[in-house]
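# Fold and geometry: a report
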4 protein chains.
Amino acid sequence: MIIILKKDAKKESIARLEEILKEKGISTNHIQGVNQNIIGLIGDTSAVDMSNLYAQDCVEEIKRVQEPYKKANRKFHPDDTVVQAGNVKIGDGSLQIIAGPCSVESESQIITTAIACKEAGATMLRGGAFKPRTSPYSFQGLRAEGIKLLLKAKAETGLPIVTEIMSQSDIDLFADVDVIQVGARNMQNFELLKALGKVDKPVLLKRGLANTLEETLMSAEYIMSEGNANVILCERGIRTFETMTRNTFDVSAIPLLKQKSHLPVCADPSHATGMISLIEPMSLAAIAAGADALEIEVHNDPKCALSDGGQQLTPAMFKEVMEKIKGLCGYFGRKIG
Amino acid sequence: MIIILKKDAKKESIARLEEILKEKGISTNHIQGVNQNIIGLIGDTSAVDMSNLYAQDCVEEIKRVQEPYKKANRKFHPDDTVVQAGNVKIGDGSLQIIAGPCSVESESQIITTAIACKEAGATMLRGGAFKPRTSPYSFQGLRAEGIKLLLKAKAETGLPIVTEIMSQSDIDLFADVDVIQVGARNMQNFELLKALGKVDKPVLLKRGLANTLEETLMSAEYIMSEGNANVILCERGIRTFETMTRNTFDVSAIPLLKQKSHLPVCADPSHATGMISLIEPMSLAAIAAGADALEIEVHNDPKCALSDGGQQLTPAMFKEVMEKIKGLCGYFGRKIG
Amino acid sequence: MIIILKKDAKKESIARLEEILKEKGISTNHIQGVNQNIIGLIGDTSAVDMSNLYAQDCVEEIKRVQEPYKKANRKFHPDDTVVQAGNVKIGDGSLQIIAGPCSVESESQIITTAIACKEAGATMLRGGAFKPRTSPYSFQGLRAEGIKLLLKAKAETGLPIVTEIMSQSDIDLFADVDVIQVGARNMQNFELLKALGKVDKPVLLKRGLANTLEETLMSAEYIMSEGNANVILCERGIRTFETMTRNTFDVSAIPLLKQKSHLPVCADPSHATGMISLIEPMSLAAIAAGADALEIEVHNDPKCALSDGGQQLTPAMFKEVMEKIKGLCGYFGRKIG
Amino acid sequence: MIIILKKDAKKESIARLEEILKEKGISTNHIQGVNQNIIGLIGDTSAVDMSNLYAQDCVEEIKRVQEPYKKANRKFHPDDTVVQAGNVKIGDGSLQIIAGPCSVESESQIITTAIACKEAGATMLRGGAFKPRTSPYSFQGLRAEGIKLLLKAKAETGLPIVTEIMSQSDIDLFADVDVIQVGARNMQNFELLKALGKVDKPVLLKRGLANTLEETLMSAEYIMSEGNANVILCERGIRTFETMTRNTFDVSAIPLLKQKSHLPVCADPSHATGMISLIEPMSLAAIAAGADALEIEVHNDPKCALSDGGQQLTPAMFKEVMEKIKGLCGYFGRKIG
């Protein structure tokens, strides 16, 4: 961390600043510049709160040099993390395909869809039981009942299940779920993240709608710092000025997160684009960019879906997309599942 | 709501779409255009899920005409809502000044600050007990203990207190709090919003970092639809590409929210700018734009603050800002408190 | 186009509005709703200025139904446009690789780099003669001299050249250039676009830093409406809140532009990411997403580059990336060049 | 400027880097940290191109410490710049009101509007002769003829005129204009900025739609570095995710630009909000925040306007807004004109 001092910084003020730092075990090093004086901080500054140092009279600006994430940082953990989710591994070089409907709507819907997804080549099943909706008047999910139906679909197909949690008070309902998903709107619900850090279960953490990759890694850090190292990061599109797509799919987040962190990276072209015609090209792009898993929305009858009808593939469309995915995985020498 | 049909839409598909709509009590009206055919929907479409209609073959695009918020909408509730918070009223033409530290840190800190704020003219006390921090390694707040200290400061000064909730499981701790704040990162924590809708207490709802005003009003709608009409909206800055300020203070949100909704509107220049030198001009701008309340961070000793040290005013600075605020309120014929 | 009327719209005001529309050859169709009355416009509304209609008393909101671009619209021109640039074709199913330095710096630099690029498999040469720089104190390019050096490199290697124009007053200098590039900052320099519409030469139009795809297509429309149909669209990254990458590469723009328009689409992973370590994965992602061309920065000695040193590949790095590109093109059955 | 070295940086590479810097007259200072080594740069680094230094092997990250703008920087020019525009002064503590139509449409329109504006209290006249429009099919302005009409209106009313330039090839047409405006879309049209730097005439520089304040100041620097110090900065709203307003009016830019720079600052509530109902509150907010001038769109008959009809005030509305403006200026002890 580097502190740029004000032009007219007083000696006493600088001395006071250095004392505060010394108390935190940090020593300092001065650079006398022509226009600007600078202090370099030596020691572990990851716990230093930048916003507080700004309160010191002498401080003009503070620049962070070290990354603030530790446990999620590849620098301190060079090997890839491989997450075991039910009978599949995420992050070992294979590609996992997490398919299923936006919402769990009924027993027949989820079981029919799960069977179709498995037949087409999916290796995990997704489905929303708790649904975060912008409007209180939209379908809010089957909640506890939805999780029961997912478990029935798992019993039927053997596919591990991924489903979203919206509140730590529901955590017991997720006991038999294979991967707990944290949605984009809860990426900085820190109380929920802390609670998930105490659970012995993989967490699929979606990037927030307007969050940076560093913030995403800091949210992973929340989970990991409580003891749960089984975090899968997920790029699902960010908010930009573009209006044709639902969000903007930041494909470059995939290789970049893998460079900065050892955690596996999933991509969700369905939410990232919101357009059926983009699922295939963007799935292929995500694989070419190195994604460890893809999450794709499939519904046995999208025309009757209770949510996100317009971005869910039919089983027939999904089968076609899977053929292309299988082809490209073959070219890259990666196995699915 | 208006549905633009695909050029090659089939009759059966259109008939099916109309049947779905009829089941929801909505009738339709056709417009045959030269390049495009359109269906206008007649009836209450606020509960119609746009994303689902996209799944119908014949649909190219859907455009909403009605605003999706009802209870928060001025159209259906022309009179201003006045929220009673302890002994003060928000939204009755007066200006409320909510001052206090970012975090509650100790008994002496909060009581000293509260007394200084009251002396300078503040009418309510703020202070964070539960702190949402990007990093798990930053100070997380005194939590339950912090609320106790706020209540002591209230007993000492008589100022009603405003403090932030981060999880519905903590709701009982807020029994004696006057206004419960929902922070920007939780604006779309829908489970929390629903829980607060069942509480008989004012809620100060902060706009999310990258959320639109419509989304903000929809979050107010979540609270209101559960029965709690005492919602105060709060503009606290949005994320933009500007880096000099912490956020960008959308001052125009103040008059616009008051035009679209009957709810009172608060503004938080401290978080919106993150710069001490901007608190005074932006407080005045917010008043000129019609804010019902201002939330300003004040700390008895910012240099020792455990969070946000760089944007908190000293009591002396706050007193100066209050003189300017009092002057401008006098000009506009508005009383403080 | 659809016009939503105000609740209290007066008959005379509506009559006036309809008269204005009739003068433009547009007839209207009314939908009487429960909460809202709507007018549907029938006729060619692409020349109707939405902002003006808002001035009519009775208008609450206007929603566009038709796309405002015509000549660039695939609906009215279903076949792919193929642009001939020197001896290569862009948009015919092949992949073109446009490689070269950020800036032309000297004869030896551009010729050495051009030869290395060609040997590695590049099919076109890029190089900046006119350089748009944020600071007036940064290197501004060799200007006219730079174009002369590019032409020498073309004579040496046979590679068609692509270089950026910054002002229509320089247009004569580009007489022997194969493709004229319009940079992101000039995407809405409408006077320049009009001037390029009168030139008989392909234009590579880069998407602006914060522009939508519709705005990009409208800028293409400016060029095309003046008579020049040889436009290549280029995704080069948009501004988002992410700070690790220089911009955010909107890979989904590639297939989406190709769905909405018949024009060929280029992608520039160098500017889109600004990170050498991302050029390879993002080049592959762009190909998987269907790009017709890639623009990649290569410099014979990046350490001595006068601009963008940190994102330019060395010839050796470029050769490695090209091997991966060739492999993937082979898999997709696409030829390079 | 500070350079953070890679963990495994080689001695030779660091030596090379230091040599490059020495050639530019910059000496260095090392900080040996626990996790990171850093080099502090001593000397004038404003001309050092950060992007180039990234090409050096040893460099991990570069952080700028000094502001890159010099001539526009208040640090090096503490006194306020006062710009003389015709018979009025901008930046001397007074408030200037620049009113007039979006576009000049006819002699009677501009003269009628100019007279009405003057009567209501405007001190300068605006009007677009060259119009930057997203669509080539929208009204493009009367161009040279429009400037002639503006000069007639000036002759009639004595109001100095402000009008926009779109290309340096038109510069001679602006010989009798009092202030040349550079629009948001041309803020980084560097060739135009350079040309305006050679003109002896005030330039009103509008902030770009997605540009930072530092970039705005760097564009002012382009003009000033060529010799023209008469630059007026203008906040006119930035692009955000908000859709209710045309742009988001960054009111905080007003005091912040005045803190960072000595140049006068204008605000344009018409373009910043695009909503008639927001012009009054946002004009007052801009004055409370310290604006030196306001630019407000007024049209003698907005219902017949050829552009931006929906955001232009009628003379009667403008008169009402002016009453409020005069009142507030009176309170602040500022004179208009």
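One can find the structure itself at the top, above this paragraph.
Residues numbered from 1 in each chain as written. Chains lettered and ligands numbered in written order. Predicted model: local features only at pLDDT ≥ 70, side-chain atom pairs only at ≥ 80, totals over all residues. Heavy atoms only, no water.

Moving on to the overall build of chain A. Helix and strand counts for chain A come out as 10 helices and 14 strands. Here the C-alpha coordinates of chain A stretch approximately 75 × 45 × 40 Å along the principal axes. Here chain A holds 337 residues, and 66% of them are scored as buried. Within chain A, contacts between residues at least 6 apart in sequence are counted, and of these 68% link residues at least 24 apart. Accessible area of chain A: about 10,900 Å², with a carbon and sulfur share of 50%. (Helix = DSSP H or I, 4+ residues; strand = E, 2+ residues; numbered from the N terminus. Buried < 20%, exposed > 50% of the residue type's maximum accessible area, 1.4 Å probe, protein only. Contact = heavy atoms within 4.5 Å. Areas by Shrake-Rupley, 256 points an atom, 1.4 Å probe, with all protein chains shown as cover.)

What follows concerns the environment of N52 of chain D. Along the chain, N52 of chain D turns up in helix α2 (residues 50-53). When near neighbours in sequence (up to four residues on either side) are disregarded, N52 of chain D contacts A305, L306, S307, D308 and G309 of chain C.

A few words now on the interface of chain D and chain C. Taken together, the 53 residues of chain D in the interface contact 51 residues of chain C. A buried area of about 4,200 Å², summed over both sides, lies between chain D and chain C, and 47% of it is on carbon and sulfur atoms. Together, Y137, E191 and K303 of chain D form the three largest contributors to the area buried by chain D at its contact with chain C, with a combined 16%. The interface formed by chain D and chain C includes six salt bridges. We note a salt bridge from E215 of chain C to R239 of chain D, for which the minimum N-O separation is 2.4 Å. Joining chain D to chain C, the criterion identifies 24 residue pairs in polar contact (both at pLDDT 80 or more). Going through the elements one at a time, α1 (11-23), α2, α5 (190-197) and α6 (213-225) of chain D are the ones with two or more residues in the side of chain D that touches chain C. A per-element tally of the side of chain D that touches chain C places α6 of chain D first, with five residues. Here the residues of the side of chain D that touches chain C are counted per class, giving 18 nonpolar, 20 polar and 15 charged. (Buried area = accessible area lost by both parts, 1.4 Å probe. Salt bridge = Lys/Arg side-chain N within 4 Å of Asp/Glu carboxyl O. Polar contact = N/O pair within 3.5 Å; in protein donor to acceptor, adjacent residues only side chain to side chain. Nonpolar A, V, L, I, M, F, W, Y, C, P; charged D, E, K, R; others polar.)

Looking now at the relation of the copies chain D and chain C. These two copies of the chain differ by a rotation about an axis and a displacement along the same axis. In the superposition of chain D on chain C (RMSD 0.0 Å, axial shift 0.0 Å), the rotation amounts to 180°. Each copy turns onto its partner about a two-fold axis. Minimal C-alpha distance to the rotation axis in chain D is attained by A210 of chain D, lying at 3.1 Å. Comparing interface residues between copies, 96% of those in chain D also lie at the interface in chain C; the contact surface is shared. (Least-squares fit on C-alpha atoms with pLDDT ≥ 70 in both.)

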